[in-house]
Amino acid sequence: MDSVRLVEMGPRDGLQNEPVQVPTHIKIELVERLADCGLTHIEAASFVSPKWVPQMADGSEVLTAIRRRQGVIYSALTPNVKGLEAALAAGADEVAVFTAASESFCRKNINCSVAQSLERFTPVLQLAHEHGLRVRGYVSTVLGCPYEGDITPAAVARVAGALYRLGCDEISLGDTIGTGTPKKAIAMLSAVRQEVPLARLAAHFHDTYGQALANLYAVLEQGLRIIDSSVAGLGGCPYAKGATGNVASEDVVYLLHGLGLETGVNLDRLVHTGRWISRRLGRVNGAKTGLAWHPNK
Ligand SMILES: CC(C)(COP(=O)([O-])OP(=O)([O-])OC[C@H]1O[C@@H](n2cnc3c(N)ncnc32)[C@H](O)[C@@H]1OP(=O)([O-])[O-])[C@@H](O)C(=O)NCCC(=O)NCCSC(=O)C[C@@](C)(O)CC(=O)[O-]
């Protein structure tokens, strides 16, 4: 059966914007519960400046304390060599660098131009590969920027292609503010796949305008098979005002299973994990499937 690989964002993209510090033991339990659902790729931490994103300052504690399940990849964001060294010390299985298709967002998020970000990533990729780690490259604002508005598919393709040529093993395409629609998503993907093989591309769509599932369906129809999502739809972005979380993992799994696409995820467990973390954070569950799911379904 055709399958899709899910990359779970809840513990990183999901929590990074929480206004109140989430206790480290909750973060650890969240990662462990997600692995118990059958998710094989979990972005568990972020080694960024604690001055920029204080919520993620306990990345080392999280990565070193989790009970690891065999076969699960626990990854981390690393914007520079300093972050990579911390991620290596904490035992990350994979790391990710991140830039954007728009100059303004890149500057707000990582305090440099797109070109400077690529220069900064060169030693990160080299050192990560020397340690046998895969490196993911994120491109933010692929379907719209909070500061610049529309972003052309050509601009996204340029940055995605540059990351790929730099040595990124996989490129994740972020609709950071969730303004994309299916037609735009297809146009963007068509341009990017001229530069990066489709099998190396992931969709990372936020659901701010309720379009994420429609956009995912559109890119699935184009053959894309790696999807980023966040349990209970947790998240937002500190440098994108108003952005809501990633598309909810529960809703994505429900969609994929309905399409006959395998994920290896136990939806019932995932729903319970989504309900658990929503309760712990005092948040409304952002997964429609999480709200509707009934045990005998
Ligand atoms: C990139 C920097 C560090 C540049 O920040 P900077 O201020 O330009 O960097 P700097 O090199 O001048 O360092 C400033 C201070 O930060 C420290 N520092 C420097 N690097 C690190 C590090 N790795 N870990 C810990 N500390 C670090 C460094 O040591 C120094 O400390 P001080 O001397 O002042 O005490 C900063 O801008 C930053 O951390 N930005 C991260 C922002 C962020 O995490 N955004 C959210 C993630 S991206 C996202 O969510 C989008 C995505 C991926 O999900 C896709 C999508 O949806 O679009």
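Residues numbered from 1 in each chain as written. Predicted model: local features only at pLDDT ≥ 70, side-chain atom pairs only at ≥ 80, totals over all residues. Heavy atoms only, no water.

- Per an unreviewed UniProt entry, the recorded name for the chain is hydroxymethylglutaryl-CoA lyase, and the organism is Oceanimonas doudoroffii.
- Listed under Pathway (unreviewed entry) in UniProt, the entry text for the chain is "Metabolic intermediate metabolism; (S)-3-hydroxy-3-methylglutaryl-CoA degradation; acetoacetate from (S)-3-hydroxy-3-methylglutaryl-CoA: step 1/1."
- Under the UniProt heading Catalytic activity (unreviewed entry), the entry covering the chain gives this text: "(3S)-3-hydroxy-3-methylglutaryl-CoA = acetoacetate + acetyl-CoA". (UniProt positions renumbered as here; feature names shortened; annotations may be inferred.)

1. Quick word on the packing of aromatic side chains
So, step 1. A full pass over the atoms with the stated rule returns one aromatic pair.
So, step 2. For Arg-33, the ring lying beneath its charged end belongs to Trp-276, and the centroid distance is 4.1 Å.
So, step 3. Over the ring of Tyr-147 we find Lys-108; its NZ or CZ atom is 5.3 Å from the centre of that ring. (Phe/Tyr/Trp six-rings, centres within 6.5 Å; stacked < 30°, edge-to-face > 60°. Lys NZ or Arg CZ within 6 Å of the ring centre and 35° of its normal.)

2. A short note on the environment of Phe-98
So, step 1. Looking at where Phe-98 falls in the secondary structure, it is placed in strand S4 (residues 94–100).
So, step 2. Using a relative accessible area of 9% as the deciding quantity, one classes Phe-98 as buried.
So, step 3. Separated by 146 residues in the primary sequence, Phe-98 and Thr-244 have C-alpha atoms spaced 19 Å apart.
So, step 4. Contacts of Phe-98, omitting those with residues within four sequence positions, involve Val-48, Leu-77, Thr-78, Pro-79, Asn-109, Ile-110, Phe-121 and Tyr-138. (Helix = DSSP H or I, 4+ residues; strand = E, 2+ residues; numbered from the N terminus. Buried < 20%, exposed > 50% of the residue type's maximum accessible area, 1.4 Å probe, protein only. Contact = heavy atoms within 4.5 Å.)

3. A look at the site of the ligand
So, step 1. Neighbouring the ligand are 26 residues; Lys-51, Asn-109, Asn-111, Ser-140 and Thr-176 lie closest to it.
So, step 2. Take Gln-16: an N or O atom from its side chain is 2.8 Å from an oxygen atom of the ligand.
So, step 3. Lys-82 is positioned with one of its side-chain polar atoms (N or O) 3.5 Å from an oxygen atom of the ligand.
So, step 4. Alone, the ligand offers 1100 Å² of accessible surface; in the complex the protein occludes 75% of this.
So, step 5. Of all the secondary structure elements, the ones that give two or more residues to the shell around the ligand are helix H1 (10–14), helix H4 (81–90), helix H5 (103–110) and strand S5 (134–140).
So, step 6. Looking at the shell around the ligand, its residues break down into eleven nonpolar, ten polar and five charged. (Near = heavy atom within 4 Å. Polar contact = N/O pair within 3.5 Å; in protein donor to acceptor, adjacent residues only side chain to side chain. Areas by Shrake-Rupley, 256 points an atom, 1.4 Å probe, with all protein chains shown as cover. Nonpolar A, V, L, I, M, F, W, Y, C, P; charged D, E, K, R; others polar.)

4. Let's talk about the nonpolar core
So, step 1. Core analysis: the largest hydrophobic core is formed by 97 residues, its most contacted members being Leu-63 and Leu-173.
So, step 2. Here the element with the most residues in this core is helix H7 (residues 153–166); it accounts for seven residues.
So, step 3. With sequence-adjacent residues up to four places away left out, Leu-63 is seen in contact with Ala-44, Ala-45, Phe-47, Arg-68, Tyr-74, Ala-76, Ala-90 and Ala-92. (Core = buried A, V, L, I, M, F, W, Y, C linked by side-chain atoms within 4.5 Å.)

5. Considerations on the pattern of salt bridges
So, step 1. Overall, the coordinates contain 17 salt bridges when judged by the stated rule.
So, step 2. The residue Arg-283 makes a salt bridge to Glu-18 at a minimum N-O spacing of 2.6 Å. On the criterion of sequence distance, the pair formed by Arg-283 in the loop between helix H11 (267–281) and helix H12 (288–292) and Glu-18 in the loop between H1 and helix H2 (24–36) is long-range, its members being 265 residues apart.
So, step 3. Residue Glu-18 is classed as buried on the basis of its relative accessible area of 11%.
So, step 4. A single network of salt bridges, built from pairs that share partners, joins Arg-5, Glu-94, Arg-134, Arg-136, Glu-170 and Asp-228. (Salt bridge = Lys/Arg side-chain N within 4 Å of Asp/Glu carboxyl O.)

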